[in-house]
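# Survey of secondary and tertiary structure
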Amino acid sequence: MSFATLQQRVNTTALKRLGSGTNITLGGVPVLGDFLAPYAQADVGQFGMATTEPVLVVPDAAAVGVLVDATLVVVDGTTYTVAAPPEPDGFGLTRLVLELAA
Amino acid sequence: MSTLLAQVVTAAVAALQATPAVCLQVDRIRRRAVATTTDQAVVVRAGRAASSSESAFSDHPLLWVTELTVECYARTIGPEPDAVVDALIESVYARLMSDTTLGGVLISLEPRQVDIDYESHADKTACATLVFHASHRASHGSFS
C-alpha cells in the first residue's frame, strides 16, 4: 500500500469517526468533513469585537473547484461562503475558512 | 463633584443615549470586546487632557483641552461593513455636533480625526474611532 493511499484511508476514517457528522454540503454536494467555529476576536478598535472563525476541514479532493466568495457551504442548516483560498495542509486535508452568508 | 475627564465622558454618553439613542449600546470606557450578540456599539472614553494657562496668577482659570475618543463598532453579514459603520459615524457625529457644549459642560467640542479599521471572521466587523478635542475651563485649584 502506498503512503498516499494509507494517508487517505487514515484521513477518511478520522473524519468519519471524529468529524462533524454527515449534515455538511460543499457546493451543494454532501461531504465528509470536520466543522469548527472557535471563538475569535476581531482586532478593530481598542478592544475588538467578539466573533467566531468558522472553518471546514475536508479531504483535498472535495476542495477541488472551490471558488472564493462563491462556493456555499451548509452546515446543519447554516449557510456560509468560502471566504479565502483553500489551505491544503500537505497531509491530504484542506482547510476552508468560511464566512456567514447573507 | 467629578473631575473634568469624568464630566466630559458623562456628558458625551448622555448626548449619545438621548432619545433616540444613536444605537442600543453606548458604553463609557469599555475594556472588553463587544459581544457577538451586539451588532453596533459606541464606546466613549477620555484620553489625555492638556492645560494652558494664559496667566501666571494662581487665581486665574486654566483652559483644558481633553481628547475625547468615540469608537463606533459595527458588524454585518454579507455586504462590506463600511456602509454600516458609516451610518453610525454619521449619527454619532451629528448628535455630538448638535450641541458642542454638551449641555453646558464644555466651551467647545471640535472634531479632530477619524480612523477606521476592518476585519473579517464569521462576520465582517469595523470600528471607526472619532477623536474630538473638548475645551473646558477650571480654576487653578480644582480639576472639576
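Let me sum up the structure you'll find in this document. (Residues numbered from 1 in each chain as written. Chains lettered and ligands numbered in written order. Predicted model: local features only at pLDDT ≥ 70, side-chain atom pairs only at ≥ 80, totals over all residues. Heavy atoms only, no water.)

## Some remarks on the interface of chain A and chain B
By a widespread convention, an interface's size corresponds to the accessible area lost as its parts come together. Opposite the 21 residues of chain A that make contact, chain B presents 27 residues. Regarding the contact of chain A and chain B, the summed buried area is about 1,800 Å², with carbon and sulfur atoms giving 59% of it. On inspection of chain A and its partner chain B, the count reaches one salt bridge. The partner of Glu99 of chain A in a salt bridge is Lys124 of chain B, and the shortest N-O contact between them spans 3.8 Å. The tally of links between chain A and chain B comes to 13 residue pairs in polar contact (both at pLDDT 80 or more). Only strand E4 (39-42), strand E5 (49-52) and strand E10 (93-100) of chain A provide two or more residues apiece to the side of chain A that touches chain B. (Contact = heavy atoms within 4.5 Å. Buried area = accessible area lost by both parts, 1.4 Å probe. Salt bridge = Lys/Arg side-chain N within 4 Å of Asp/Glu carboxyl O. Polar contact = N/O pair within 3.5 Å; in protein donor to acceptor, adjacent residues only side chain to side chain. Helix = DSSP H or I, 4+ residues; strand = E, 2+ residues; numbered from the N terminus.)

## Let's talk about unusual backbone geometry
Following Thr19 of chain B, the chain continues to Pro20 of chain B via a peptide bond in cis, the omega torsion being -5°. Structurally, Pro20 of chain B is set in the loop between helix H1 (4-17) and strand E1 (26-28). Of note, the phi angle at Asp76 of chain A is positive, near 50°, even though the residue is not glycine. Note on placement: Asp76 of chain A falls in the loop between strand E7 (72-75) and strand E8 (78-82). A positive phi is found at Leu102 of chain B, a non-glycine position, where the angle reads about 50°. The residue Leu102 of chain B is located in the loop between helix H2 (82-97) and strand E4 (108-120) in this model. Taking relative accessible area as the criterion, Leu102 of chain B reaches 7% and is therefore assigned buried. (Buried < 20%, exposed > 50% of the residue type's maximum accessible area, 1.4 Å probe, protein only.)

## A look at the pattern of salt bridges
Going through the model one piece at a time under the given rule, you end up with seven salt bridges over all chains. With its nearest N and O atoms 3.1 Å apart, the salt bridge here joins Arg45 of chain B to Glu71 of chain B. With Arg45 of chain B in strand E2 (residues 40-52) and Glu71 of chain B in strand E3 (residues 62-76), this residue pair connects regions lying 26 residues apart in the sequence. The exposure class assigned to Arg45 of chain B is buried, which follows from its relative accessible area of 19%. Residue Glu80 of chain B pairs with Lys124 of chain B through a salt bridge whose shortest N-O separation is 3.3 Å. Highlighted residues: Glu80 of chain B in the loop between E3 and H2 and Lys124 of chain B in strand E5 (residues 124-138), separated in sequence by 44 residues. Ionic contacts of the salt-bridge type, sharing partners, join the residues Glu99 of chain A together with Glu80 and Lys124 of chain B into one network.

## A few points about H2 of chain B
Residues and elements named next belong to chain B. Over its 16 residues, H2 runs 22 Å from end to end, which matches the ideal 22 Å to within 8%, given 1.5 Å per residue. Along H2, the positions that sit buried rather than exposed are Val85, Leu88, Ile89, Val92 and Leu96. For H2, the buried positions fall inside an angular range of 105° around the axis, keeping them on one side. Opposite the buried face of H2, by more than 90 degrees, sit the exposed residues Ala83 and Glu90. The elements touched by buried residues of H2 are H1, E2, E3, E4 and E5. (Expected span 1.5 Å × (residues − 1). Arc of directions from axis to C-beta.)

## Here we look at the pairing of E3 of chain B
Residue and element names in this part refer to chain B. Most of E3 is tucked away, with twelve of its 15 residues classed as buried. In this structure, E2 lies alongside E3, joined through eleven bridges in antiparallel fashion. Of the residues in E3, the one forming a bridge with Ser52 is Leu63. (Pairing = 2+ DSSP bridges.)

## Comments concerning the layout of surface pockets
Residue and element names in this part refer to chain A. Of the voids in this model, the largest pocket is the one considered here, and its volume is about 160 Å³. Of the residues forming the lining of the largest pocket, the biggest block, five residues, is contributed by helix H1 (residues 3-18). Taken together, the residues of the lining of the largest pocket sort by class into four nonpolar, five polar and one charged. (1 Å grid on protein atoms, 1.4 Å probe; cavity = no way out; pocket = protein on both sides within 12 Å on 5 of 7 lines; lining within 4 Å. Points joined across faces, edges and corners; volume = space filled by probe spheres on them. Nonpolar A, V, L, I, M, F, W, Y, C, P; charged D, E, K, R; others polar.)

## Observations regarding the environment of Arg95 of chain B
Residue and element names in this part refer to chain B. Here Arg95 lies in helix H2. With residues up to four places along the chain from it excluded, the contact list for Arg95 reads Ala15, Leu16, Ala18, Pro20, Ala21 and Val22. Among the polar contacts made by the side chain of Arg95, one reaches the main-chain carbonyl oxygen of Pro20 at a distance of 2.5 Å.

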